[in-house]
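In case you want the letters, here they are:
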Amino acid sequence: MATGEPQARIPAYPGVERFVDAFDKLVVQPRRSRSRVPVVLLSEPGDGTAGRRIAAGLRSRLTGRDERLAPHAYLTEAASDPPLELYEQIAYQLGESMPRGSGSLRLPSYRLLRAVVTAPAAGGLMERRPGELRDHCYAQHRQVSAPARGLWWLGGRDQANGGTLLELLWNFIAGPLFQRLPRALYGRRANRRMLGRHRSGTRRWYAEWVRQQQGTPPADFFRSALDLVGGGPDGDPEQLDRILVHALLADLEGASRKRWYDPWRRRRVSRFVILVEEAGPADSRIQRFLRELRAAMEDLRCTAVVAVAAGVRTLASRIPDIEMPGLSAAGADLANIAQHGNPPGRPSGMVVPVADGPEDDQAATYWLGRWPTLAPPAHRWGPGTEVAGALGAGVLALAVTAGLVVGVPFTKVGPDPCLGSTFLGTDGQCVGVAEGAASFGTGDSEQAVRHVLQRIERQNEEVETELSGRAADDPRPDARTVVYFGALSGGKDAEDPVRGGTLAELRGLALAQAYINGQALRSGERVPLRVLAANAGDRFKDAPAVAERVVDLADKDRTIVGVVGFGQSRRRTFEAMGVFDRAGLPMVGTSGTADELLRQGGHYYQTASTDTRAGQVMAAFAGHAPMVEGKPALRVRLVADPADAYSASLASAFRAAYGEQRTDTLLYTPTDAPEPSPVPGALSGTPVATIDDLAREVCRAVAAEPRTAVVWAGRGSLFQMFLGELTRYARNCPRVSVLGGDDVTNALTEERRPWEVFAGLTLYYVSHGRAPALAGGGGEAAAFLAAYDRTYAKDHGSRTGAMREDAHVALAWDAMRYLAEGVDQAWRGTGGHDGRLDRRLLQAVLYQGLGGGGFEGATGWIDAHGAAGGGRLTEEKLIAVERGGAKGARTVLLCGTVARGDVRATWGDRKHPCP
């Protein structure tokens with residue numbers, strides 16, 4: 001389409017504005033924040049034209065009115081015949097649509113391999129064939145390269161080309177310099193480009209492909225490419241597509257990278273776009289090309305291309321796809337990819353059903369009217385002006401440098417931003433074992449974490465100072481080290497340590513360390529503890545790798561005796577626990593609750609209740625408590641994330657106890673989930689694509705039956721977002737009663753409490769140990785609260801003021817006390833031989849069980865009878881249901897063992913039996 005032609009209009013279908021907005025964001029996304037984008041397949045049955053009209057409209061957005069806005073190719077059915085014409089159309093259209101000032105598009109790898117596959121079968125001896133193939137490729141190169149063509153002309157004509165005697169003489173003199181030397185250099189460059197000798201990693205694909213085909217890595221490109229000769233129209237079509245698509249994408253990826261000395265490259269601010277008008281049935285030529293395009297984008301980790309294919313009539317089942325219910329959901333998913341990136345392992349294609357229908361959606365019409373075309377970033381100066389300015393600045397810099405005193409030493413390159421035993425994780429944050437509070441990020445939530453880490457550092461130093469002056473024969477024990485394993489940092493816009501419960505756990509850990517060390521240093525009969533923090537990354541994404549680091553450190557430092565933490569039940573958490581279990585490191589859990597935690601090995605001991613017990617308590621409460629309009633609920637809308645181990649475990653336990661007949665399950669997985677695939681054996685239900693759809697479904701159910709309760713088994717970090725969307729439908733459902741799992745307590749630490757986000761909310765939530773409810777009886781809960789108030793009294797009323805009532809803090813206190821009790825008993829069992837106390841002895845003590853069978857904790861009685869004594873958890877662990885509100889939480893259910901001999905077996909006015 002030439003500029004100035006009538007612009008195709010995108011039909012105003014419902015949700016199309018969200019899809020187009022996400023498409024625009026992906027096209028103009030800055031290079032450094034790009035990730036691989038799935039190929040969008042607009043599927044429509046029969047002879048529908050909705051997808052074709054959307055693709056044509058997208059083409060118009062990229063074309064603009066006066067000039068090209070982004071490089072793009074628009075493929076029609078005619079482009080698929082003959083086979084190589086498809087690639088020539090892509091190369092030609094992308095080159096012609098390069099925006100002004102961005103330079104010409106060069107595709108060296110594609111041109112080279114196209115010359116190979118179209119070469120005639122070579123003749124002569126076998127050892128001469130690679131040379132003949134090189135000569136043929138160089139002849140094809142001269143057709144598109146003016147410098148190569150000019151040099152060849154300067155070399156003159158030889159006898160084969162009908163040269164005269166004078167021309168033959170000139171060719172004899174100048175031919176080696178202007179013809180054979182450039183041709184040899186071309187061959188060397190082809191070797192470097194295709195066999196991975198460039199610095200760019202994306203160009204190594206060909207060498208790896210040849211190794212897979214021939215079994216050995218290639219030494220020479222032209223010799224390895226002999227099998228491809230004649231592989232054009234008569235060759236294997238899939239192999240032809242595979243080779244040419246990889247070459248094309250490698251070139252486009254390289255063309256999108258800027259060079260500091262190339263102002264034209266710096267003006268390439270948009271991705272390359274491939275639009276397909278009609279993809280056809282599953283076995284069509286275009287769909288074969290799209291399948292190879294998807295595979296190549298995944299192989300090369302290509303981030304430079306966005307592809308949208310319309311007219312997908314049927315789909316082959318050879319490659320997995322992301323299924324989307326419509327344009328709105330697809331737009332939400334693509335927008336999330338633009339903001340958070342595409343998680344590894346996701347399918348490379350997104351199937352979006354479209355159909356002809358009314359084109360009168362008001363939101364779409366208004367948005368498309370406001371934003372009729374793409375709006376790429378603009379540059380104030382042209383490339384020529386920039387070159388002139390750079391030359392002037394260079395001359396000025398040389399003049400200034402000449403006037404300076406020679407001999408100023410060069411400064412060294414700055415240190416690695418990750419200090420000590422930390423390393424860059426998947427989200428660009430420092431993960432690993434912290435050697436100090438400065439090892440992690442500086443965001444608002446990371447600053448709160450850093451303050452606690454600084455407190456732990458000071459307490460570690462106090463222990464070292466106290467022990468440093470002891471005599472060699474001092475009978476008191478030396479300090480031992482405990483590692484805290486949690487998510488101390490979050491990725492950009494990700495679940496931060498406050499909403500993830502880590503800050504609360506760290507506070508409890510620091511308070512317990514001070515309490516334990518105070519007793520140990522005063523009496524000399526207990527073992528003081530140092531604490532190291534291990535950052536497992538946002539939502540434990542880097543947990544297995546960090547666990548390996550901790551094990552390596554424990555092998556070098558025998559004072560490391562155990563690990564506490566594992567506050568989020570995720571699949572990567574389970575993998576890390578397997579690493580610790582194989583290394584023989586005892587583990588004590590804080591607020592992790594999934595039943596799967598206890599199956600990760602015999603070195604793990606759980607402090608909190610399991611999801612099975614929590615689900616049974618929630619089912620009993622939902623069945624008997626007057627939580628909806630003063631009466632028990634008639635039906636339940638259960639919200640769960642099938643890809644989250646914690647959510648799936650809790651939801652399954654609730655539904656099994658409450659009954660499937662009265663439970664309607666809504667399944668929502670956020671698009672930035674660290675592990676997007678469902679956990680094995682995940683529960684069934686109705687999937688919803690967006691948080692907005694989730695709020696709409698819940699509101700519709702409450703409006704149809706007011707005595708419908710919502711049971712939230714998802715993460716607390718999503719709860720506020722859900723309530724924010726629910727406010728949009730408050731006219732239809734002004735009041736909603738919610739019973740949340742224990743992770744909802746993380747939402748109470750937000751600046752706006754849940755009932756402030758949605759005014760009609762009645763909130764109940766599970767708590768695995770609310771110390772204020774137990775403090776009246778004195779004991780450990782009262783000691784914990786006194787320590788908390790002395791340290792964090794100034795927080796009351798702030799964002800973190802709600803942590804005083806948060807079970808995460810008290811559970812971390814109890815986990816640290818559990819491990820400390822085991823260390824003390826292990827030391828006493830050595831008979832004063834301090835050198836015998838290591839992780840193996842501690843594991844033996846914990847496995848056999850602590851003396852007395854347990855201890856009174858801040859969250860109730862903690863069984864510590866060990867695996868040998870009946871289990872590695874408290875069977876009747878204290879668990880509560882709280883009612884939240886602006887005036888504070890109120891306990892409405894309390895079941896389990898408060899202290900030795902004090903077991904709460906009923907709850908409520910009618911004395912309902914506890915599960």
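Here, the structure is the one placed above.
Treat the numbers as computed from the prediction; the structure is a model and nothing was measured.

Asks: Quick one: what's the story with the environment of R111, residue by residue and with numbers?
Replies: Mapped onto the secondary structure, R111 falls in helix α4 (residues 108-117). Spatially, the C-alpha atom of R111 lies 9.8 Å from that of D251, the residues being 140 residues apart in sequence. Contact partners of R111, with chain neighbours within four places excluded, come to E88 and A91.

Asks: So what's going on with the pattern of salt bridges? Which residues, and what values?
Replies: Going through the model one piece at a time under the given rule, you end up with 37 salt bridges. A salt bridge links E359 to R9; the shortest N-O distance between them is 3.2 Å. Of the two residues, E359 is situated in the loop between β6 (349-353) and α14 (362-370) and R9 in the segment before α1 (16-27); the sequence distance between them amounts to 350 residues. E359 sits in the partly exposed class, given a relative accessible area of 27%. Judged by its relative accessible area of 55%, R9 falls in the exposed class. In this structure, E278 and R313 form a salt bridge, with 2.8 Å as the shortest nitrogen-oxygen distance. A residue pair is termed long-range when its members are at least 10 positions apart, and E278 in the loop between β3 (272-276) and α12 (285-300) and R313 in the loop between β4 (305-312) and β5 (322-323) qualify at 35 residues. Under the relative-accessibility criterion, E278 is labelled buried at 8%. One network of salt bridges, with partners in common, ties together R526, E780, R817, E821 and D824.

Asks: Please give an account of the sheet that holds strand β18 (residues 736-740) that cites residues and values.
Replies: An order of β16-β15-β14-β17-β18-β19-β22-β23-β24 is seen for the nine strands of this open sheet, with the pairing classed as mixed. Lying at the two open borders of the sheet, with one neighbouring strand each, are β16 (686-687) and β24 (902-904). With three bridges connecting them, strand β17 (residues 708-712) and β18 associate as parallel partners. Residue pairing across strands places W712 opposite G740, the latter belonging to β18.

Asks: Explain helix α23 (residues 716-726) to me, using residue names and the numbers behind them.
Replies: Summarising burial for α23: eight of the eleven residues are buried, a large majority. Among the residues of α23, G716, S717, L718, F719, Q720, F722, L723 and L726 are the ones counted as buried. Residues of α23 that are buried sit in contact with α22 (691-704), β17, β18, α24 (754-757) and β19 (761-767).

So, how was this worked out
All residue numbers refer to positions counted from 1 along the written sequence of the respective chain. Confidence filtering applies because this is a predicted model: local features only for residues at pLDDT of at least 70, side-chain atom pairs given and counted only at 80 or more, and all residues used for totals across whole chains, interfaces and linings. Based on all heavy atoms of the structure, the side-chain values leave hydrogens and waters out of the count. Think of it this way: any DSSP run of H or I at least four residues long counts as a helix, any run of E at least two long counts as a strand, and we number them from the N terminus. Every residue pair with non-hydrogen atoms within 4.5 Å of one another is taken to be in contact. Basic side-chain nitrogens of Lys or Arg form a salt bridge, by our definition, when they fall within 4 Å of a carboxyl oxygen of Asp or Glu. Remark: exposure states derive from per-residue accessible area (1.4 Å probe, protein chains only) relative to the maximum for the residue type, with buried under 20%, exposed over 50%, and partly exposed in between. What makes two strands pair is DSSP finding at least two bridges between them.

All quantities given are derived from atomic positions and should not be read as evidence of function.
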